[in-house]
Amino acid sequence: MTLALQGRFVGELPELAVPWKAEAAPQPQLLVVNEPLAAELGVDADWLRGPDGLGLLTGTVVPSDATPAAQAYAGHQFGGYQPRLGDGRALLMGEFVDSTGRLRDLHLKGSGRTPFARGGDGLAAVGPMLREYVISEAMHALGIPTTRALAVVATGRPVYRDTVLPGAVLARVASSHLRVGTFQYAAAVSAREGNVDLLRRLADHAIARHHPAAAVAENRYLALLDAVSAAQAKLVAQWMLVGFVHGVMNTDNMTISGETIDYGPCAFMEAFDPATVFSSIDSSGRYAYGNQPAITLWNLARFAETLLPLIHENSGAAIALAEASLDSFAGLYETAWTDGMRAKLGVPGAPAESVTPLIEQLLPQMQQSQIDYTLFYRLLAGAARGDAEPVRGEFIDLAAFDEWLGRWRALEPDPAVMDRVNPVYIPRNHLVEDALTAATGGDLGPLQQLLTAVTAPFEERPGSERFAEPGEKEFSASFQTFCGT
Ligand code: AMP
Ligand code: MG
């Protein structure tokens, strides 16, 4: 067998694609393959393990009709505009139809230098690629839209970072790799050339792939903005509800589909604190946990700017329409977040006037007592079942928490509802670090155990207690992630 890869992006948008080839992998060795995902895609996992499969997963064996390409994009990185980023170490192998009829991208990361590599070596190390694998699969299991990891293959090529590390390629699958930065790049080309042809083709391609309802709207490009804004509002609400910190929300790392993408310095918050930042280079906290909704809106404003010439020929009218569209973001976000919190607190039917103050009074107490954001909700479900002592034991100001508990109990919380949405197992930072260190040294055991825990996150399993516990306070307080991936 092989995968029937289409060259749809390359064919429809050649200005945004540079046909390219992966670098050879001297000694490919499969580290992990995602069997459930392979089945969903209609790909035989045993075939993936064989020579042709490994060749596809590293880009060194290209199906005869495929045209692998590096995709062009621009982007705002930490607020500063970069006109030319693009896939510096990645390739779009092509699109394929999965077993449910959905069109998906097959994309490789760490496959060698491309014309967009700038000073980079085009490579990726085993640790960061496995990190993306674990965290993206955990996100998927939590019900959060995300790119998926199909496999990580060690290449046998050394990668030079602070030390010499084993190299790897991550094969990932996504609804597409269209980014806000893709639109920024196309808008710049259109502005330079004085016509919106490329931009329009890109927008039509995005509508067809992700937001088909926009195609029949009165103003389809305004409808595209509305749809992306709605998808991103829901997505960032889901991140906030599980305590996920993306870490590098540059506009080139934000999709048009509404899937989470580009797992670099991301991590899950432990002690609740809106100022939580893990990335070593985010010294100002631009991408801190609590800033994520505002940054999403900022990125959407950059997206809206690219669409202005398509939204209306009169720029004043276009701006007014785009602003009105972006004005709805806050409400969409609030609704998604509040609905999610209702479920987390086990009170899905509670009216806004009782649940909103409940949330507003809970979060500062959690912050004051530095409570583990994940563990808290499971302990609270215990309180709904009649055993409040474990959750009470987490709070410094017991009187305030008891008062809160009383008002929460009056809403008759349902612990079964809570346990369906509040994970027991998330990829805890100390466990991820341990698993990646072991894997880099050749021991994949801890990684497999971690994957088993985080890919079934809601069901408490005896014997897995250590996967549910936060790290040591000292470790968590100083934990940093690095972009030099
Ligand atoms: P990221 O912050 O990982 O989303 O990457 C930002 C940009 O840097 C993208 O254009 C990447 O393709 C590029 N890049 C990151 N690492 C490398 C590398 N090792 N070699 C070449 N390009 C890279
Ligand atoms: Mg990126």
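Residues numbered from 1 in each chain as written. Chains lettered and ligands numbered in written order. Predicted model: local features only at pLDDT ≥ 70, side-chain atom pairs only at ≥ 80, totals over all residues. Heavy atoms only, no water.

1. Side note on the pattern of salt bridges
- Counted according to the given criterion, the structure contains 29 salt bridges.
- Residues D262 and R179 are paired through a salt bridge, measuring 3.0 Å at the closest nitrogen-oxygen approach. One end of the pair, D262, is in the loop between β10 (244-245) and β11 (267-268); the other, R179, is in the loop between β9 (164-174) and α6 (180-193), with 83 residues separating them in the sequence. R179 shares its class with D262; the two are buried.
- Where R428 meets E270, a salt bridge forms, and the shortest distance between an N and an O atom there is 2.9 Å. With R428 in the loop between α16 (415-421) and α17 (429-440) and E270 in the loop between β11 and α9 (292-311), the pair connects residues that are 158 residues apart, well separated along the chain. Of the two residues, R428 and E270, neither departs from the other in class, the shared state being buried. (Salt bridge = Lys/Arg side-chain N within 4 Å of Asp/Glu carboxyl O. Helix = DSSP H or I, 4+ residues; strand = E, 2+ residues; numbered from the N terminus. Buried < 20%, exposed > 50% of the residue type's maximum accessible area, 1.4 Å probe, protein only.)

2. Focus on the packing of helix α8 (residues 220-242) against helix α10 (residues 315-327)
- Relative to each other, α8 and α10 sit at 25°, their axes nearing to 9 Å. In terms of their interaxial angle, α8 and α10 are classed as roughly parallel. The handedness of the crossing between α8 and α10 is right-handed. Where α8 approaches α10, its residues L222, L225 and D226 are matched on the opposing element by L321, A322, S325 and L326.
- Classifying every residue of the contact of α8 with α10 gives five nonpolar, one polar and one charged. (Axes fitted to C-alpha atoms, helices over the stretch in contact; angles between N-to-C directions. Parallel < 35°, antiparallel > 145°, perpendicular 65-115°, else oblique. Left-handed = near helix turned anticlockwise from the far one by under 90°. Contact = heavy atoms within 4.5 Å. Nonpolar A, V, L, I, M, F, W, Y, C, P; charged D, E, K, R; others polar.)

3. Some remarks on the packing of aromatic side chains
- The full count for this structure, using the stated rule, is 16 aromatic pairs.
- Consider the rings of F401 and W404, whose centres lie 5.7 Å apart with planes at 10°: the pair is stacked. Here W404 and F401 lie together in helix α15 (residues 398-409), a separation of three residues that amounts to about one turn.
- Of the residues examined, F401 reaches a relative accessible area of 0% and is grouped as buried.
- The ring of Y377 is capped by K344, whose NZ or CZ atom sits 4.3 Å from the centre of that ring. (Phe/Tyr/Trp six-rings, centres within 6.5 Å; stacked < 30°, edge-to-face > 60°. Lys NZ or Arg CZ within 6 Å of the ring centre and 35° of its normal.)

4. Some remarks on the environment of R118
- Checked against the element boundaries, R118 lands in the loop between β7 (103-109) and α5 (126-141).
- Here R118 falls in the exposed class, since its relative accessible area comes to 54%.
- C-alpha of R118 to C-alpha of R8: the two residues are 110 residues apart in sequence and 26 Å apart in space.
- Excluding residues within four positions of it along the chain, R118 makes contact with R84, L85 and R113.

5. What to know about the pairing of strand β6 (residues 90-97)
- Counting buried positions over the eight residues of β6 gives seven, a clear majority of the element.
- Note that β6 and β7 share seven bridges and pair antiparallel. Bridging from a neighbouring strand, G94 pairs with L106 of β7.
- Joining the antiparallel neighbours β6 and β7 is a turn of five residues, in which G101 adopts a positive phi near 90°. (Pairing = 2+ DSSP bridges.)

6. Focus on the nonpolar core
- Counting residues in hydrophobic clusters, the biggest one holds 102 residues, and the most contacted among them are F183, W337, L345, F376 and L380.
- For this core, the leading source of residues is α8, giving 14 residues.
- In this structure, V32, M129, F467 and A468 belong to the second largest nonpolar core, which totals 28 residues. (Core = buried A, V, L, I, M, F, W, Y, C linked by side-chain atoms within 4.5 Å.)

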